[in-house]
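# Per-entry structural report
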Amino acid sequence: MGPHPAVAAIRLAVRRVLHDLLTEHHRAPAAVPHASPHELPPPLVLVACSGGADSMALASALAFEAPKLGIRAGGVTVDHGLQTGSDLRAAEVLQRLRELGLDPVDSVAVTVGRAGGPEAAARDARYAALDTAAERHGAAAVLLGHTRDDQAETVLLGLARGSGIRSLSGMAAVSGAGGRYRRPFLELDRQTARKACMVQSLPVWDDPHNADPAYTRSRLRHEGLPALEKALGKGVVEALARTAQLSRDDADALDSWAGQAEATVRDAAGLLECAKLYALPPAVRRRILRRAAIAAGAPAGSLFARHIEEVDRLITGWRGQGAINLPGKVVARRQGGRLVIRQG
């Protein structure tokens, strides 16, 4: 008799990601003369584990699948220090990861700032810690336990911000520098992960912040999505996750178009020519403007659609208006038919 369907589903999702990583690993000798796949050390894959159901299910699947493929498997937990006893919780998670057979296992304590709000600050601190852990251990990838439900929430949050199609595309299955972060569970629901933990008798920790109405995502999870399902019927989560994938495909295509078009709208000095920008479709033109602002020093996380719209009006609604101030002390102004974007 095979494993429970929930366990089989999480293992299959992880197996697919590990196969992709192994294929990438075996391509490495192409860049290393006279090397062969057999001479390369086995890759190390870490799982980011909070002790919650999603990440514990992911850790258990990684521990089961990695040895069969000759992949080393480890784990890392991040102690945000936001709750009393968080260090004890981190120690418990490390023990659970060891019991699964993962090695190395690591706990990283971080200090959460305030920039961008509590959720964004915690996320920034967490990813910085995971980056550091991955580099310290030489990990080929870090697996994250985000599920289809998390993806649906991310799409709705992007919709509420009015940030455009890229925001609606949610979380990518592969992201980070060099494709470091992998999300095997984006096509699985949260209940599948929890069920997998239950049938394997894996203890899980429910973060009280996930039920705290002070946090936007928590309110969306416990109030917003249930209300949408009540009004529109079941299937909202699946539809939102599908929207994320379709939006990502469209956003990737537009980004590629913008990348190719950018060289054609610059003069010999590298300045953007307003007349040529005006001739482009708005979605392509605004992407070029955003890229130019970021290249000039505007922080990507602080650069919103309204900022780009203001810069865009220097091209489409030019009436002699003054310079536009952007985040990061970047200034955009129109001069002699050129768009100049630089730090003030």
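Please refer to the structure higher up on the page.
Residues numbered from 1 in each chain as written. Predicted model: local features only at pLDDT ≥ 70, side-chain atom pairs only at ≥ 80, totals over all residues. Heavy atoms only, no water.

## A word on the nonpolar core
Counting 36 residues, the largest nonpolar core has Leu 18, Leu 62, Leu 102 and Phe 185 as its most contacted members. Elements with a minimum of two residues in this core: helix 1 (5–27), strand 1 (44–48), helix 2 (53–65), helix 3 (86–99), strand 4 (141–143) and helix 7 (190–199). Broken down by element, this core gets its largest block of residues, 9 residues, from helix 1. Once residues lying within four places of it in the same chain are set aside, the contact partners of Leu 18 are Val 45, Leu 62, Glu 65, Ala 66, Leu 69 and Ile 71. Membership of the second largest hydrophobic core comes to 25 residues, among which are Ala 261, Cys 274, Ala 293 and Ile 315. (Core = buried A, V, L, I, M, F, W, Y, C linked by side-chain atoms within 4.5 Å. Buried < 20%, exposed > 50% of the residue type's maximum accessible area, 1.4 Å probe, protein only. Helix = DSSP H or I, 4+ residues; strand = E, 2+ residues; numbered from the N terminus. Contact = heavy atoms within 4.5 Å.)

## A look at the packing of aromatic side chains
Within this structure, the stated rule accounts for 1 aromatic pair. Arranged with centres 5.1 Å apart and planes meeting at 90°, the rings of Tyr 127 and Tyr 181 form a pair that is edge-to-face. Here Tyr 127 is found in helix 4 (residues 118–137), whereas its partner Tyr 181 is found in strand 6 (residues 181–182), with 54 residues between them in sequence. Residue classification places Tyr 127 among the partly exposed residues on the basis of a relative accessible area of 21%. Using a relative accessible area of 3% as the deciding quantity, one classes Tyr 181 as buried. Between Arg 11 and the ring centre of Phe 64, over which it is positioned, the NZ or CZ distance is 3.5 Å. Sitting above the plane of the Trp 205 ring, Arg 89 keeps its charged end 5.2 Å from the centroid. (Phe/Tyr/Trp six-rings, centres within 6.5 Å; stacked < 30°, edge-to-face > 60°. Lys NZ or Arg CZ within 6 Å of the ring centre and 35° of its normal.)

## Some words on helix 9 (residues 236–262)
Compared with the 39 Å implied by 1.5 Å per residue over 27 residues, the 38 Å span of helix 9 between its first and last C-alpha is a close match. If you check which residues of helix 9 are buried, you get Val 236, Val 237, Leu 240, Ala 241, Ala 244, Ser 247, Arg 248, Ala 251, Ala 258, Ala 261 and Glu 262. Where helix 9 is buried, its residues touch helix 5 (148–161), helix 6 (165–168), helix 8 (216–232) and helix 11 (282–295). (Expected span 1.5 Å × (residues − 1).)

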